[in-house]
Amino acid sequence: MADSIADQDSLTRFLIAGAGVRGVRVHLDRTWAQIRERADDASGRPPPAAAIELLGEATVASALFTAHAKVEGRLSIQLKGKGALRTLFAECTAAGTLRAIAQLADDDVPMSRDLRELGPEALLAITVENPGSASREPMRYQGLVALQSDSLSEAFEDYFRQSEQLPTRLLLVADGAQAAGLMLQKLPQDSGDEEGWIRAGALFDTLDPSELLDLSAATLLHRLFHEDGVQVLDSRSLRFACSCSRERVEAMLQSLGEAEATAAATGRGGEAEIRCEFCGQRYCFSVAEVDALFTGLGRPMTAPDRLQ
């Protein structure tokens, strides 16, 4: 566990001015525990260790990437495959809330955490969704990440280097109790010395994953980068939260159409039950309440494309 309570469930941005490098460190404790608990509940059985590690690493990465991107809404990471791991989804909002889920195949297919073994149709994407305003349309950006590396860390490094032309170093680690990550990026038009990025990378390579989990941000950054004058820019807390609501579920039922939504209620003893896969919250609707959604008595709302 991180050696400072204040460092638990936090994001810290820092600058290594002497090397022309910016960075961010994320550490999750209680937030990761809450996501883990719900991962067990959703599957009905404890997920394999490989799924837990990938879920924790993706959750940390979603928070890390909000540090330098313009995220006013939410940033999500989604991994889809055809094997043992069907879907992995992690999301961080501008408010610092996190949620994540992993969906596995029903059968007991052995699972590897090597991304190259997910199959030719596997897909890894980073998506940024920012809300609109009176003077601006909503914005949605998605970048596809090549799955030519065995780990999420290396896949994301390749993405930033090739697609964003931004040299990046990334270490992600997760176990059953904690999840953490450290990201370095060369400053655009950096003002550091020519060897600064190489020097920062060499120091980064000395970091053991256990240190990333166990050390506080201050101890970690001083141990790695004190000779180049590392400076903490700011820090903010992170927490688990879900954006599901009864209104969103109503909109989802409306999107199904009256016949299908009514059948869902009548086929289950007169009550439709929808369970949020992220937080486990259950929403129940009687046949009369379903009917009201299609007779103008329900609250009108634009239907989402998925239960959010």
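Residues numbered from 1 in each chain as written. Predicted model: local features only at pLDDT ≥ 70, side-chain atom pairs only at ≥ 80, totals over all residues. Heavy atoms only, no water.

What follows is about the overall build of the chain. Scanning the chain from terminus to terminus reveals nine helices and 13 strands. Relative to its length of 308 residues, the chain is compact, with a C-alpha radius of gyration of 21 Å against a globular reference of 19 Å. For the chain, the spread of C-alpha atoms along the principal axes amounts to about 70 × 50 × 40 Å. Taking all 308 residues of the chain together, 49% fall into the buried category. Taking the contacts inside the chain whose residues are at least 6 apart along the sequence as the reference set, 65% of them involve residues at least 24 apart. As displayed, the chain offers around 14500 Å² of accessible surface, 49% of which is attributable to carbon and sulfur atoms. (Helix = DSSP H or I, 4+ residues; strand = E, 2+ residues; numbered from the N terminus. Rg over C-alpha atoms; globule rule 2.2 N^0.38 Å. Buried < 20%, exposed > 50% of the residue type's maximum accessible area, 1.4 Å probe, protein only. Contact = heavy atoms within 4.5 Å. Areas by Shrake-Rupley, 256 points an atom, 1.4 Å probe, with all protein chains shown as cover.)

One non-glycine residue, aspartate 9, lies in the positive phi region at around 55°. Counting through the fold element by element, aspartate 9 comes out in the segment before strand 1 (10-16). Aspartate 9 gets classed as buried once you look at its relative accessible area, which sits at 11%. With a phi close to 50°, glutamine 165 is a non-glycine residue in the positive phi region. Mapped onto the elements, glutamine 165 comes out in the loop between helix 3 (152-162) and strand 8 (168-174).

Another aspect to go through is the side chain of asparagine 130. If you trace the backbone, asparagine 130 turns up in strand 6 (residues 123-130). Judged by relative accessible area, which is 8%, asparagine 130 ranks as buried. A polar atom in the side chain of asparagine 130 sits 2.6 Å from the backbone nitrogen of glutamate 72. Those residues in contact with asparagine 130 that lie beyond four places of it in its chain are Lys70, Val71, Glu72, Gly73, Pro138 and Met139. (Polar contact = N/O pair within 3.5 Å; in protein donor to acceptor, adjacent residues only side chain to side chain.)

To continue, consider the sheet that holds strand 7 (residues 139-145). With mixed pairing, the six strands of this open sheet are ordered in space as 7-6-3-4-5-11. Two strands bound the open sheet, and with one partner strand each, they are strand 7 and strand 11 (239-240). Summarising the sheet, strand 3 (residues 74-80) and strand 6 pair through seven bridges and their orientation is antiparallel. By the bridge assignment, leucine 79 is partnered in strand 6 with leucine 124. Across the sheet, helix 2 (residues 49-66) touches strand 3, strand 4 (85-93), strand 5 (97-104) and strand 6, and the angle it forms with strand 4 is around 30°. (Pairing = 2+ DSSP bridges. Axes fitted to C-alpha atoms, helices over the stretch in contact; angles between N-to-C directions.)

Side-chain positions along a regular strand alternate between the two faces of the sheet. The element strand 4 is extensively covered by neighbouring structure, given that eight of its nine residues are classed as buried. Across seven bridges, the pairing between strand 3 and strand 4 is antiparallel. By the bridge assignment for strand 4, serine 76 is matched with glutamate 91. If you look at the hairpin formed by strand 3 and strand 4, you'll find four residues sitting between the two strands. Both strand 4 and strand 5 contribute to a ladder of seven bridges, which runs antiparallel.

Here arginine 36 shows up in helix 1 (residues 30-43). Given the relative accessible area of 18%, arginine 36 is considered buried. Leaving out residues up to four positions away in the same chain, arginine 36 has contacts with Ile52 and Gly176.

Attention now goes to the sheet that holds strand 1. Read from one edge of the open sheet, five strands run 8-9-2-1-10, paired in antiparallel fashion. Among the strands making up the open sheet, the edge pair consists of strand 8 and strand 10 (230-237). Across the sheet, the axes of successive neighbouring strands diverge by a mean angle of 10°, strand direction being ignored. In the sheet, strand 2 (residues 21-28) pairs with strand 9 (residues 179-186) via eight bridges, with the strands oriented antiparallel. In the strand pairing of strand 9, arginine 22 is matched with glutamine 185. This element, helix 3, spans strand 8 and strand 9 of the sheet and lies at about 155° to strand 8.

Looking at helix 4 (residues 196-204), one finds that the buried residues are Gly196, Trp197, Ala200, Gly201 and Phe204. Projection of helix 4 onto a plane perpendicular to its axis shows the buried side chains occupying an angular sector of 130°, all on one side. The inward-facing, buried residues of helix 4 contact strand 2, strand 8, strand 9 and helix 6 (217-225). (Arc of directions from axis to C-beta.)

Next up on the list: the packing of helix 2 against helix 3. Running from amino to carboxyl end, helix 2 crosses helix 3 at an angle of 30°, the nearest separation of the two axes being 10 Å. Regarding the angle of helix 2 to helix 3, the classification is roughly parallel. Every residue of helix 3 that contacts helix 2 at Leu54, Glu57, Ala58, Ala61 and Phe65 is listed here: Leu152, Phe156 and Phe160. A class-by-class count of the residues in the contact of helix 2 with helix 3 yields seven nonpolar, no polar and one charged. (Parallel < 35°, antiparallel > 145°, perpendicular 65-115°, else oblique. Nonpolar A, V, L, I, M, F, W, Y, C, P; charged D, E, K, R; others polar.)

Everything listed is a geometric property; what it means functionally is a separate question.
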